[in-house]
Amino acid sequence: MTELTLAKAINEGLRKSMEDNPKVLLLGEDIGKLGGVFRVTDGLQKDFGELRVIDSPLGEAGIVGTSVGLSIRGYRPVSEIQFDGFVYPAFDQLVSQVAKQHARSEGAITMSLVVRIPFGGGIGAVEHHSESPEAYFAHTAGLRVVSPSTPNDGYWMIRQAIECADPVIFLEPKCRYWEKGDVDESAPPSSLFSAAVRRTGTDATLVSYGPSVKTCLAAATAAEAEGRSLEVIDLRSISPLDVDTVAGSVEKTGKLIVAHEAPVFGGIGAEIAARLTERCFHSLSAPPLRVGGYHTPYPPSRVEEEYLPNVDRLLDALDRTFEF
Amino acid sequence: MARAGHGTRDEAPAAEADFVQLLNPAGERVEHADYSLEIAGDEAKGLYRDMVHIRRVDVECTSLQRQGQLALWAPLRGQEAAQIGAGRALEPDDFTFPGYREHGIAWCRGITPAQSARSFRQVTNGGWDPYEYNHAEPSIVIGNNALNAVGYAMGVQHDGAESAVMACIGDGAMSQGDIAESFVWASVFQAPIVFLLQNNHWAISEPTERQTRIPLYKRAEGFGFPGVRVDGNDVFAMLAVSRAALARAREGSGPTLIEAFTYRMGAHTTSDDPTRYRILAEVEEWERKDPIDRLRTYLSSTGAADQEWLDGIDAEADAAARELREAVLSMVGPTPISIFDHVYKEPHPLVDEERAEMVALIGAEEAGSLK
């Protein structure tokens with residue numbers, strides 16, 4: 001057991017994967033000497049060389065498009081998109097090539113690659129540095145989308161994502177990069193695509209992933225003071241969704257709130273609400289509610305606190321489910 | 001005279017003097033300072049046979065589309081020399097990344113015309129196992145395949161393998177951002193790749209002038225690697241220049257852009273009507289530069305082939321076309337249930353759930369029936 005930050009845990013996971021499999025290559029902007037703008041790849045080029053940790057030219061379509069070719073050649077490229085808001089130039093490659101090569105080739109091509117994207121807000125950044133694009137990718141068949149919320153998951157999930165035979169969009173909650181937690185290097189906590197119950201409770205279920213898990217846990221602590229027992233589920237995987245774990249909780253609590261930083265309209269919360277309503281209709285005592293970003297561009301960060309899900313907004317949603 | 005629409009050209013055809021030509025439209029060998037080709041009669045006859053076959057495939061598949069047997073066909077008539085010349089320069093270990101009109105390249109890779117027709121029949125969105133032929137699946141989005149090709153070439157380089165990659169692009173693709181990025185990547189990493197740009201002068205209805213103000217091959221210089229314009233209707237020049245560029249890639253000297261200066265004689269696809277945007281005179285001018293005619297003249301005039309041999313090739317191509325037709329007509333599939341088969345390689349609960357939904361809705365027998 002080692003205490004690491006999330007950033008360092010992912011770094012260690014990348015290192016272990018590169019040691020285990022010579023086909024693992026890293027590519028992205030500024031990931032070599034600089035170690036990435038968040039230092040997630042710090043030291044890896046020094047230890048594995050410039051052929052395995054490639055400072056790429058500045059072009060996201062190029063990073064992902066060449067990853068596709070490397071993967072066809074049998075490599076396991078792990079690319080970094082520097083910030084969430086910069087992934088869109090690569091959107092065609094992700095949706096039309098990464099996601100579809102396996103199906104188009106009737107299974108002949110295995111598209112084993114990982115695209116790492118620091119995502120989400122809360123760091124006082126300028127435009128394009130705080131977005132949550134997960135719904136775009138989850139909507140696309142052929143892609144898998146995951147997000148760790150703890151250092152232990154950061155270490156294990158990046159390794160599992162690299163081992164996965166399918167392409168994985170790996171969303172790293174950048175506002176949690178510097179938070180520390182215990183990493184147990186002896187065994188993975190669970191499968192890459194299963195949800196985790198982070199706190200057990202009986203009165204309502206809070207579902208989230210990535211940066212908002214911590215917010216949900218804080219809300220659960222605050223609710224406890226008001227006499228309400230909340231169960232908090234960390235999805236970990238957005239596609240596929242571990243619906244069973246959420247349903248098990250909702251059947252117990254009868255109330256569901258989904259929180260994420262992305263805008264709620266057409267988002268992951270909508271998908272979860274629809275699926276859980278269908279599956280647990282008779283267990284629900286209130287309609288599922290969503291707490292998340294508004295239908296606005298990500299705002300200037302001076303007002304991001306009002307945009308992002310926070311404890312107050314979660315408790316307000318909780319009150320509404322109890323008043324229903 | 002067809003209508004003179006907005007595609008009318010008021011300029012003369014772009015300067016052809018600076019392209020590489022080894023066999024002129026009159027079927028005569030000509031010299032070039034930088035490229036030469038020693039070619040035996042049998043090899044030249046092989047190229048002729050390839051081109052006749054692939055043109056016959058084009059005719060048959062166009063008919064099959066008109067008869068409702070193919071959803072679409074993208075004809076390559078006029079581009080046979082560009083594709084056969086480049087395709088026959090490839091070694092088995094090389095890897096090609098086609099667009100959707102590369103039936104001639106596919107032919108050279110050992111892919112049958114029937115396999116090429118599979119996606120146009122819509123029994124699949126692919127057509128073949130890329131690893132069996134070292135030929136990627138057809139790419140319909142314009143330009144993306146060049147980046148995939150560069151990535152593959154980086155992998156070849158990383159492996160230390162002595163093989164090359166060829167990316168097939170067109171004049172329209174040259175306006176795509178992915179092409180600019182693929183040129184940057186190929187250049188800075190000195191990737192072992194040849195960009196085969198078939199400038200067929202038309203991106204559906206838009207003439208090359210809408211894509212560029214300079215000859216396209218000249219763009220390569222700005223990215224730091226050589227570009228060369230070739231008479232794309234001259235199979236000898238295409239073979240010679242492609243061989244040189246592939247050799248250059250294999251020896252680690254980096255990328256080359258080959259602009260095959262050619263012409264799309266037919267429609268963009270069977271859904272297109274080129275009479276709306278281009279003039280007949282232009283088509284007729286290119287008819288006189290036909291790639292097959294000039295090679296036939298060369299073979300006859302040099303005594304390499306007599307009329308009997310030439311007729312034999314036509315008969316062989318007709319027979320192959322009949323086989324192609326039968327193969328297409330007998331192509332069935334996919335089954336409805338198979339759409340779930342290769343979405344992911346590893347199990348995915350949503351896909352499993354939806355597969356079960358389909359079976360519940362239409363029954364296992366129907367879901368498993370070939371369409």
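Shown above is the structure to which this text applies.
Residues numbered from 1 in each chain as written. Chains lettered and ligands numbered in written order. Predicted model: local features only at pLDDT ≥ 70, side-chain atom pairs only at ≥ 80, totals over all residues. Heavy atoms only, no water.

Caption draft 1: Fine view of the pairing of strand β13 (residues 256-263) of chain A. All names here are of chain A. Summarising burial for β13: seven of the eight residues are buried, a large majority. The sheet contact formed by β13 and strand β14 (residues 289-293) spans four bridges and is parallel. Among the inter-strand pairings, P263 is bridged to a residue of β14, identified as G293. In terms of handedness, the path from β13 via helix α10 (residues 268-280) over to β14 forms a crossover that is right-handed. (Buried < 20%, exposed > 50% of the residue type's maximum accessible area, 1.4 Å probe, protein only. Helix = DSSP H or I, 4+ residues; strand = E, 2+ residues; numbered from the N terminus. Pairing = 2+ DSSP bridges. Right-handed = clockwise from strand over helix to strand, strands pointing away.)

Caption draft 2: Focus on empty space enclosed by the protein. All names here are of chain B. Counted by the stated rule, this structure contains six cavities of 30 Å³ or more. Empty space within the largest cavity amounts to approximately 80 Å³. What lines the largest cavity is simply P98, G99, Y100, E102, H103, A106, S116, S119, F120, W128, H135 and P138. Sorting the residues of the lining of the largest cavity by element identifies α3 (103-108) and α4 (113-121) as the ones contributing at least two each. Residue contributions to the lining of the largest cavity peak at three residues, all from α4. A per-class count over the lining of the largest cavity returns six nonpolar, five polar and one charged. Here the second largest cavity defines a volume of roughly 70 Å³. (1 Å grid on protein atoms, 1.4 Å probe; cavity = no way out; pocket = protein on both sides within 12 Å on 5 of 7 lines; lining within 4 Å. Points joined across faces, edges and corners; volume = space filled by probe spheres on them. Nonpolar A, V, L, I, M, F, W, Y, C, P; charged D, E, K, R; others polar.)

Caption draft 3: Geometry of the nonpolar core. Residues and elements named next belong to chain B. Ranked by internal contacts, the top residues of the largest apolar core, which has 71 residues, are I193 and F195. Per element, the largest residue contribution to this core is seven residues, and it comes from helix α6 (residues 144-159). Not counting residues up to four positions away in its chain, the partners in contact with F195 are A146, V150, A167, I169, S182, F183, A186, F225, P255, T256, L257 and I258. V52, L76, I105 and C168 belong to the second largest nonpolar core, which has 62 residues in total. (Core = buried A, V, L, I, M, F, W, Y, C linked by side-chain atoms within 4.5 Å. Contact = heavy atoms within 4.5 Å.)

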